Amino acid sequence: MKNVINKHLKKVFLGTSIFIISLIILDIILSIFFDKDVNRLIENKIEIVAKEKSRKSVDMEKVSFINDIPYWDSEYRGPFLNYKYDKQLKCRILWIWDSIMQWSWVWGNSTYLYNLSKKLDNTEIINMAIPWFDLLQEIIKYNEEKLWDNTDLLIWHIWSDDDNIYKYINWVLYDSEVVINDYWEPILFSYIPRNINLYLIKNSYIYNKLLKIKIKNDVKKTSISNINYVINKLDIILKDYLSKWNNKKVLLIFSPSLDNNSYSEEFSTWIKWVNPLYTKIENKLSQYNNIKMLYLDKFFKWIEVKEIRHDPVCHFNEKWHKIISEKLYEYIKTNKLLDDKCY
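Residues numbered from 1 in each chain as written. Predicted model: local features only at pLDDT ≥ 70, side-chain atom pairs only at ≥ 80, totals over all residues. Heavy atoms only, no water.

Undergrad: Please set out the nonpolar core residue by residue, giving values where relevant.
TA: Residues Trp-156, Leu-238 and Leu-252 are the most contacted members of the largest nonpolar core, which totals 70 residues. At 8 residues, the largest contribution of residues to this core is made by helix α7 (residues 227–244). The residues contacting Leu-238, other than those within four sequence positions of it, are Leu-154, Trp-156, Val-250, Leu-252, Leu-285 and Ile-291. Grouped together as the second largest cluster of nonpolar side chains are 8 residues, Val-38, Leu-188, Ile-201 and Leu-211 included. (Core = buried A, V, L, I, M, F, W, Y, C linked by side-chain atoms within 4.5 Å. Buried < 20%, exposed > 50% of the residue type's maximum accessible area, 1.4 Å probe, protein only. Helix = DSSP H or I, 4+ residues; strand = E, 2+ residues; numbered from the N terminus. Contact = heavy atoms within 4.5 Å.)

Rendered as structure tokens:
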């Protein structure tokens, strides 16, 4: 009887070992070829304190909170690059945007804003770009600076996820995709050592899938889509701006995605990129005659996206800056967004 039990246990042990080894091999194969979702989300976090020694180090107390939204000024990401700040000039353009339209990975004197400033002799150009800013933070910045009174043209750049706001958790600024639990990171079971948990998140496809199942049940998502809220805020600001200054203009610029799905390889052309935030802004603000809305991909219909992008997300290279400085200048002049005295 004892021999029978031992033989049965050996079969169970052998079967279990084969199953575990097969599962590990399967996981390795799947992990090579398929996306590990949770790992991608974790890697999407952004540390709010700049690591570069060349950047000014700012105390964390300098991060303020407005309606629970973390807000920081330009000193976090380097000083303002004011292309032309001269109150004696006849006109003013105020630019509000983030890193996409700032100068990311392009030298200051090679940016389109620098080139454009050379074409507008009688216009001061004030740059209010701060990397990582979303629409709500840009609205806060606009209200704080109080530069709109003498502004002839207000240019506001909008990015596709500007309706999402950052979450500030445990000294880390997370974007709209990151998910967390009480341990500040996803974990399948609380007794799993942290190093093992992080290793499995990074390397195991099956573990990622199990985590995704758990996430749906008890992990809070940090995403807060404020699409209607931020659009209404923007509407209030622009309505006030236009009511005070009847002859002033607003230009809203929408950036395209630069991933491989935003263009056709075969024809080197852009594909119409429909974004719910852009569409809702258009529907809400199209009632105002003095607001123009411009999709940047309009200028690049026959240029392959890979030629003008710095990365496959949203940032452009130097070639784009050179082209856009000419195109935007033509657009502003053709649509009479500035008076003749500004040139």
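Having put the structure on the table, let's press on.
Undergrad: Which residues make up the packing of helix α3 (residues 112–119) against helix α10 (residues 318–334), and what values go with them?
TA: Running from N to C, α3 and α10 cross one another at 40°; their axes reach a closest spacing of 8 Å. With respect to α10, the axis of α3 lies oblique. Crossing geometry of α3 relative to α10 is assigned as right-handed. Note on element contacts: α10 touches α3 through Trp-320, His-321, Lys-322, Ile-324, Ser-325, Leu-328, Tyr-329 and Ile-332, opposite Tyr-112, Asn-115, Leu-116 and Lys-119. The residue inventory of the contact of α3 with α10, partitioned by class, reads 7 nonpolar, 3 polar and 2 charged. (Axes fitted to C-alpha atoms, helices over the stretch in contact; angles between N-to-C directions. Parallel < 35°, antiparallel > 145°, perpendicular 65-115°, else oblique. Left-handed = near helix turned anticlockwise from the far one by under 90°. Nonpolar A, V, L, I, M, F, W, Y, C, P; charged D, E, K, R; others polar.)

Undergrad: Account for the pattern of salt bridges, with residues named and values stated.
TA: The full count for this structure, using the stated rule, is 6 salt bridges. Between Lys-209 and Asp-37 there is a salt bridge whose closest N-O contact spans 3.1 Å. Note that Lys-209 is positioned in helix α6 (residues 205–218) and Asp-37 in helix α2 (residues 37–43), a separation of 172 residues in sequence. The exposure class of Lys-209 is partly exposed, given its relative accessible area of 32%. The buried category is assigned to Asp-37, whose relative accessible area is 13%. Lys-319 is the partner of Glu-307 in a salt bridge, and the nearest nitrogen-oxygen pair spans 2.9 Å. (Salt bridge = Lys/Arg side-chain N within 4 Å of Asp/Glu carboxyl O.)

Undergrad: I'd like a description of the state of the cysteines, backed by residues and values.
TA: Inspection of every chain in the model, using the stated rule, returns 1 disulfide. Disulfide pairing places Cys-91 opposite Cys-342 at an S-S distance of 2.0 Å. On the sign convention where negative means left-handed, the S-S torsion of about -75° between Cys-91 and Cys-342 marks this disulfide as left-handed. A residue pair is termed long-range when its members are at least 10 positions apart, and Cys-91 in strand β3 (residues 91–96) and Cys-342 in the segment after α10 qualify at 251 residues. Side by side, Cys-91 and Cys-342 carry an identical accessibility label, which is buried. (Disulfide = S-S within 2.5 Å.)

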